[in-house]
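One-letter residues, chain by chain:
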Amino acid sequence: MPGTVGLASVAVGVTVTVRYFAGARAASGLSSEVVDAGTLGELLELLGRRHGEPLARVLTSASYLVNEVSCRDRAAALPAGSTVDVLPPFAGG
């Protein structure tokens, strides 16, 4: 149909649980929350906007687990009902 946007190109968000650890927990002020996002990148962008600069800074150096599997691809689709763990760099040994 002329003048319409193709729905196939629009990412559909799914509900995921985000769990924060260490510095990410301190920056967000939460241990976990439930949000809607279609990809890891969309999720990180949303979280940075929602919680501001302190968390956005942590997110630039954090590692991510999606359903307990390491994920570095920000374009990766998030399965519905996923758990995403935000793991900032840890010090110590």
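Quick summary incoming for the structure in this document. Here the structure is a predicted model, which is why all the values come from computation and not from measurement.

Definitions and cut-offs
Residues numbered from 1 in each chain as written. Predicted model: local features only at pLDDT ≥ 70, side-chain atom pairs only at ≥ 80, totals over all residues. Heavy atoms only, no water. Helix = DSSP H or I, 4+ residues; strand = E, 2+ residues; numbered from the N terminus. Buried < 20%, exposed > 50% of the residue type's maximum accessible area, 1.4 Å probe, protein only. Contact = heavy atoms within 4.5 Å. Areas by Shrake-Rupley, 256 points an atom, 1.4 Å probe, with all protein chains shown as cover. Arc of directions from axis to C-beta.

## Structural notes on the overall build of the protein chain
Thought 1: For the protein chain, the count of helices and strands is 3 helices and 5 strands.
Thought 2: The 93 residues of the protein chain split such that 33% are buried.
Thought 3: Considering only contacts within the protein chain whose residues lie at least 6 apart along the sequence, 55% involve residues at least 24 apart.
Thought 4: Taken as a whole, the protein chain presents about 5700 Å² of accessible surface, with 57% of it coming from carbon and sulfur.

## Some points on helix α3 (residues 53-61)
One turn of the α-helix equals 3.6 residues, which is why residues spaced by three or four share an orientation.
Thought 1: Taken together, the buried positions of α3 are occupied by Leu55, Val58 and Leu59. Buried positions in α3, seen along its axis, are confined to an arc of 105° and lie on one side of it. Exposed positions of α3 whose direction lies more than 90 degrees from the buried face are Arg57 and Thr60.
Thought 2: Those residues of α3 that are buried lie in contact with β1 (14-20), α1 (23-28), α2 (40-51), β3 (63-66) and β5 (83-87).

## Digging into the side chain of threonine 39
Thought 1: One can find threonine 39 in the loop between β2 (32-37) and α2.
Thought 2: Other than its neighbours up to four places away in sequence, threonine 39 contacts Arg74, Ala75, Ala76, Ala77 and Leu78.

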